[in-house]
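Structural features, examined
Here is how the chains run, residue by residue.
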Amino acid sequence: MGSAMDIVLIVAQLAVAAFLMYVVGEASKIEGREGYTFSIYPWITTLPETITTLMLALRGYYTAALYNSVFSAVFDLAVGLGLVTLVYGTIEFRMTDLAFVAGVSAFAFAVLDLDGVIDVNDGLMLYAILIFSIVYSIARYGAFYEKPSKEDILRAFVGFVLLTVIGMWYYYNVEALVNIVGEKIGGIISAVLTSVPDVIVMLIYGLVESEAQAEMLGCIAHDFIENVPTAAIIAGLLTGTGIVDVDPTKTVILSALIGTTTIFVASYRRVTPLEGVILLLLFGLACYLALV
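So, how was this worked out
Residues numbered from 1 in each chain as written. Predicted model: local features only at pLDDT ≥ 70, side-chain atom pairs only at ≥ 80, totals over all residues. Heavy atoms only, no water. Salt bridge = Lys/Arg side-chain N within 4 Å of Asp/Glu carboxyl O. Helix = DSSP H or I, 4+ residues; strand = E, 2+ residues; numbered from the N terminus. Buried < 20%, exposed > 50% of the residue type's maximum accessible area, 1.4 Å probe, protein only. Disulfide = S-S within 2.5 Å. Expected span 1.5 Å × (residues − 1).

**Looking at the pattern of salt bridges**
A pair can form between side chains of opposite charge whenever their charged atoms are brought close. Overall, the coordinates contain 6 salt bridges when judged by the stated rule. Arg140 is paired through a salt bridge with Asp97; the nearest N and O atoms lie 3.7 Å apart. Highlighted residues: Arg140 in helix 7 (residues 120-141) and Asp97 in helix 6 (residues 96-112), separated in sequence by 43 residues. Between Glu275 and Arg270 there is a salt bridge whose closest N-O contact spans 2.9 Å. Looking at Arg270, the relative accessible area reads 29%, which means it is partly exposed.

**Topic: the state of the cysteines**
Applying the stated rule across the entire model yields 0 disulfides. Between Cys219, a cysteine without a disulfide, and Cys287, which holds the nearest cysteine sulfur, the sulfur-to-sulfur distance is 19 Å. Judged by relative accessible area, which is 2%, Cys219 ranks as buried.

**With respect to helix 11 (residues 248-267)**
Here helix 11 is 20 residues long and its end C-alpha atoms lie 28 Å apart, about the 28 Å a rise of 1.5 Å per residue gives. Pro248, Lys250, Thr251, Val252, Leu254, Ser255, Ile258, Gly259, Thr261, Thr262, Val265 and Ala266 are the residues of helix 11 that are buried. The first or second residue beyond helix 11 is Arg269, which carries a positive phi of 60°.

Honestly, it's all geometry; don't read function into it.
Okay, here's the thing in structure tokens:
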């Protein structure tokens, strides 16, 4: 067991890494349409989460790996959208179809996790949904307003490399934290800190533009159909195990909860401050369900 000071130092390093993720992500971002912000840009913004989930799975910290991704989705929707409504007031929600895709992604993950294992085959099935979401969103909304320049592509590539380095540093601190506070708490803290950059962007721009709404939904979808499947496929091929869920009931409930909430919130095409408060309470409920 580590001391309280050990925990403080580790969390401080994680916070610094999360800040660097935000700076690098914003500096390397290519502006694009809803199809791009939903399906392509989240590959960059959720890269540290994918790295952390993968490395935790390879090291056998399966619960922390799952919570790292699942609670990232919970935090983006419940805390991110909830805080935005409290700051900016009622949000007109236009990306109903993409919210449905994100919600279905969460439900698909929940169904495949019923047996307590996300293996290579499950990962491939989730990747099939990911491919559909990419094709659909780009065909429906387009990718870019204008063709990215060579400088834009180079900037995005450099950002990807830097986020990989930051993601590895982040993971080593997460593993150290997990060894002190346990997998559940460590996984939730990791998810929150990797999602803070997403929430900062939401608060800055207010989720007014449809591109920003699509980006939030894309991050939620990627947590279920890109982050975990990538870890499950690689871990399965290397270890023959995939990701073992020691308490699938909780994970399934949490995933179904976020899927239901995503679709429900978008179906009314607006989110009020009162509903924002309910979303914030939802995050507290999710944490309680996960930890009891």
